[in-house]
Protein chains: 2
Amino acid sequence: MSTRERAAELDAQDPLAHLRERHHLPEGLVYLDGNSLGAMPRTAPARLQHTVAHEWGERLIRSWNESGWYTAPARAAAALAPLLGADADEVVVADSTSVNLAKLLHTALTLRPGRGVIVMERGSFPTDLYVARGVLALRGGGELRLVDGPQDLLGVLDDDVALVSVTEVDFRTGFRWDVGAVTASAHAAGALALVDLCHSTGALDVDVHAWDVDLAVGCGYKFLHGGPGAPAHCYVARRHHAGLPSPTPAWFGHAEPFAMSTGFTPAPGVQRLAGGTPPVLSLTGLLCGLESLEGATPAQLQAKATALTGFFLELLDAHCPELEIATPRDPARRGAHVSVRHPRAYALVQALIARDVVGDFRDPDIARFGLAPTTTRFVDLVTAVEQVRAVLDGGEDTQERFAARTAVT
Amino acid sequence: MSTRERAAELDAQDPLAHLRERHHLPEGLVYLDGNSLGAMPRTAPARLQHTVAHEWGERLIRSWNESGWYTAPARAAAALAPLLGADADEVVVADSTSVNLAKLLHTALTLRPGRGVIVMERGSFPTDLYVARGVLALRGGGELRLVDGPQDLLGVLDDDVALVSVTEVDFRTGFRWDVGAVTASAHAAGALALVDLCHSTGALDVDVHAWDVDLAVGCGYKFLHGGPGAPAHCYVARRHHAGLPSPTPAWFGHAEPFAMSTGFTPAPGVQRLAGGTPPVLSLTGLLCGLESLEGATPAQLQAKATALTGFFLELLDAHCPELEIATPRDPARRGAHVSVRHPRAYALVQALIARDVVGDFRDPDIARFGLAPTTTRFVDLVTAVEQVRAVLDGGEDTQERFAARTAVT
């Protein structure tokens, strides 16, 4: 059996194959960047058209009630919760990932008074580090203590640590932390644990309850298919709901937003972390994305992701042995993307895009291929590796036309 | 000449009459709630459809470059700046009003070290008060000093005041502060001045340069016609750009967002106050809204708003003398909405909505009518007052069916 035949058989046996049908992908495109922007749910154009032309255009302000704009964040939270292993009322959908991370870092520091240290990975998505330093600066002190990986964690935990915050899946390499183990270590040191799930939810077996993690943050536009810049979300474990602080109080987090009272009375639980007026159009995109995942369990999504990444690694090993694989071989320690290091990674990615294989580049030397269990087929990976081989054989990665950088890469 | 004939003549002479044609309003509806959600620009359905179906659906991640998603916030800022009397590079479009207000309050407190007092109005939009208390709490102290109006301002200014923050137009009464005078008083006391322009921009002669105000915040979904929950914006006067703090650093505010460096190097000037990934769909709505205002000057908008509010007050005086007008009579001291106090204001508003006149209610006793200079006609006001009269004459404001409150009012 040829590799392509084997891939076709894997696709035929895929229990999640129907999810691809819920999304639109252009004919002939191999899209391996769903970890940056997920494909569009087929429902999105008509739904957004209705929201814009009817709800906004015809019904105007009445749509806050009539069309459920007001309840849209809670409906998104309810749809999202099963993908996190959370209860609906432990999740709030609002703002950007950056803003939500800031809320949760403030929350953790308030819940652990007398402790001023946040532990993070040195290789975190950089904004996570900026946000952490920003939060500490606003509070007038504290320390951001950086680790290079799990091996360093125990050595930095002491009585000053308020929070250990890790991104489950590294945005460059795809390395995956054992969040349950991190949480146990943090708790043993009297600290809280936070996980950034931007590269996890919708692709991996996320289970915040099983991990016992205290706090989580994630975005809506990658594996959740919510559209560009879709609203982000926070999770707070129920045990912290009583007495949960309101570090950034605003009216949608008020117990009675329309009472317009001068004092802030927090809404119950995590709802108090909602912010200002939600961006309804972007939120509508997120609702379409979450509906496109309906019925898929985190375990199923991860099984497919593991199979896809395993198959892709096998193909790269067989056909492109000169590429250095940056992603862990251990299926338990990798996420849903595969990265290779290459001295001309930028040009490699551009040359592949010209061949209708879309991955992305991350400074300085990473070519990254996101394998979304919702929309990626095994046959796509055969095509992708054929095209990688063709780029390398043709020396296209050395050509100036692919090496010139544009604004966003 | 009848009142309706006079109104029709005012509409015929209106130099901004063409702006109504740029927006969609349902046939037969008198929409006086553009200060809560502006009418839909006629361009919005097709534009959003293109953004969703083509840019997201067909072009996917490539649209960040190709379709200008990446530059959309800067394009929105450039379109907005003339309506503020600002330069484009003094404005950043991002996040919600609440998040932006928090950024600016932190900025002010950092720019005035050793001063820990924020002065605000007791009757501010409540979220402004929540945000201010939240900001002070995060910084470990300080004082929120409340005033009841301009008459109290000088009495509370001292060497401890870092910032005087006022909302130009009161969301309940429509009372309008003299922002230039507030700024002069704040500066004389060594403090900075901030203005919340949520109920101003797009309707009044906003001029941040003439006022010499240091900081401003505003929202996109009222008089700017940006759609429900459209992104908000900040203004920072150029004199503060050198050394401007970055209270909430995130990647779109980085000098080189895609360098993915572990340290935060702020972008030039106010751009450093951008947050995380912008909500592209909602931002597209805002761009439509700003384009629908193109060519209208703040002075023209205010002239129309003043004429509308003056005419509406005249009609209310003549036909509904039993209603208590809450809005100042002095055209210089009122914004673009007219409010009346009524013991059954909620039912009054609901009864009017049933008669296709949409205003809104604000606790406890305010019926509010927003007169958007972009879309409100003088003849609409004649209809509105006829319907108010009919509601009062029929005692509909006393009927139970209109008094039962729904979730959002």
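Residues numbered from 1 in each chain as written. Chains lettered and ligands numbered in written order. Predicted model: local features only at pLDDT ≥ 70, side-chain atom pairs only at ≥ 80, totals over all residues. Heavy atoms only, no water.

An unreviewed UniProt entry lists chain A under the name Kynureninase, with Rhodococcus antarcticus as the source organism. For the record of chain A, the UniProt heading Subunit (unreviewed entry) holds the text "Homodimer." Note on chain A: under the UniProt heading Cofactor (unreviewed entry), the record states "pyridoxal 5'-phosphate". (UniProt positions renumbered as here; feature names shortened; annotations may be inferred.)

### Regarding the UniProt feature "modified residue: N6-(pyridoxal phosphate)lysine" (unreviewed entry) in chain A
Residue and element names in this part refer to chain A. Annotation from UniProt places "modified residue: N6-(pyridoxal phosphate)lysine" (unreviewed entry) at Lys222. Here Lys222 shows up in the loop between β9 (215-218) and β10 (233-236). Dropping the residues within four chain positions of it, Lys222 is found in contact with Gly34, Asn35, Ser36, Leu37, Gly38, Cys198 and His199. Polar side-chain contacts of Lys222 include one of 3.1 Å to the backbone oxygen of Asn35. (Helix = DSSP H or I, 4+ residues; strand = E, 2+ residues; numbered from the N terminus. Contact = heavy atoms within 4.5 Å. Polar contact = N/O pair within 3.5 Å; in protein donor to acceptor, adjacent residues only side chain to side chain.)

### Remarks on the interface of chain B and chain A
With 81 residues of chain B at the interface, the matching set in chain A holds 81 residues. Counting the surface lost from both chain B and chain A, the interface buries some 6700 Å², and carbon and sulfur atoms represent 68% of this. It is Trp56, Tyr130 and Leu138 of chain B in chain B that bury the most area against chain A; as a group they hold 12% of the surface buried on that side. Across the chain B-chain A interface, the total number found is 0 salt bridges. For the pair chain B and chain A, the interface holds 19 residue pairs in polar contact (both at pLDDT 80 or more). (Buried area = accessible area lost by both parts, 1.4 Å probe. Salt bridge = Lys/Arg side-chain N within 4 Å of Asp/Glu carboxyl O.)

### Observations regarding unusual backbone geometry
Looking along the chain, the bond that leaves Asp363 of chain A and enters Pro364 of chain A is cis, with omega of -5 degrees. A positive phi angle, near 50 degrees, is found at Leu60 of chain B, a position not held by glycine. Within the chain, Asp356 of chain B stands out as a residue other than glycine whose phi angle is a positive 65 degrees. Along the chain, Asp356 of chain B falls in the loop between α13 (345-354) and β13 (357-358).

### Quick notes on the domain arrangement of chain A
All names here are of chain A. Looking at the assigned domains, one finds that chain A contains domain 1 (3-31 + 297-403) and domain 2 (47-292). Just the C-alpha atoms count here: the centres of domain 1 and domain 2 sit 29 Å apart. Facing 28 residues of domain 1, the contacting portion of domain 2 comprises 22 residues. With both sides pooled, the region where domain 1 packs onto domain 2 buries about 2000 Å², and carbon together with sulfur makes up 55% of that total. (Domains from an automatic or database assignment.)

### Topic: the packing of aromatic side chains
If you walk through the whole model with that rule in mind, you get 26 aromatic pairs over all chains. The interplanar angle of 90 degrees and the centroid separation of 5.2 Å between the aromatic rings of Trp251 of chain B and Phe252 of chain B together place this pair among those described as edge-to-face. Phe252 of chain B carries the same exposure label as Trp251 of chain B, and that label is buried. Plain terms: the ring middles of Phe312 of chain B and Phe369 of chain B are 5.5 Å apart, the flat faces sit at 65 degrees to each other, and that makes the pair edge-to-face. With a gap of 57 residues between them, Phe312 of chain B in helix α12 (residues 298-319) and Phe369 of chain B in strand β15 (residues 366-370) connect regions that are remote in the sequence. Both residues of the pair, Phe312 of chain B and Phe369 of chain B, count as buried. Within the aromatic cluster, the residues linked to one another by ring pairs are Trp64, Trp69, Tyr70, Trp251, Phe252 and Phe258 of chain A together with Phe125 and Phe171 of chain B. (Phe/Tyr/Trp six-rings, centres within 6.5 Å; stacked < 30°, edge-to-face > 60°. Buried < 20%, exposed > 50% of the residue type's maximum accessible area, 1.4 Å probe, protein only.)

### Thoughts on the environment of Thr327 of chain B
Residues and elements named next belong to chain B. Relative to the helices and strands, Thr327 resides in the loop between β11 (324-325) and β12 (337-341). Sequence separation of Thr327 and Arg172 is 155 residues, and the distance between their C-alpha atoms is 8.7 Å. Those residues in contact with Thr327 that sit more than four places away from it in its chain are Thr173, Arg334, His337, Val338 and Ser339. Within the structure, Thr327 has its side chain in polar contact with the backbone nitrogen of Ser339 (distance 2.7 Å).

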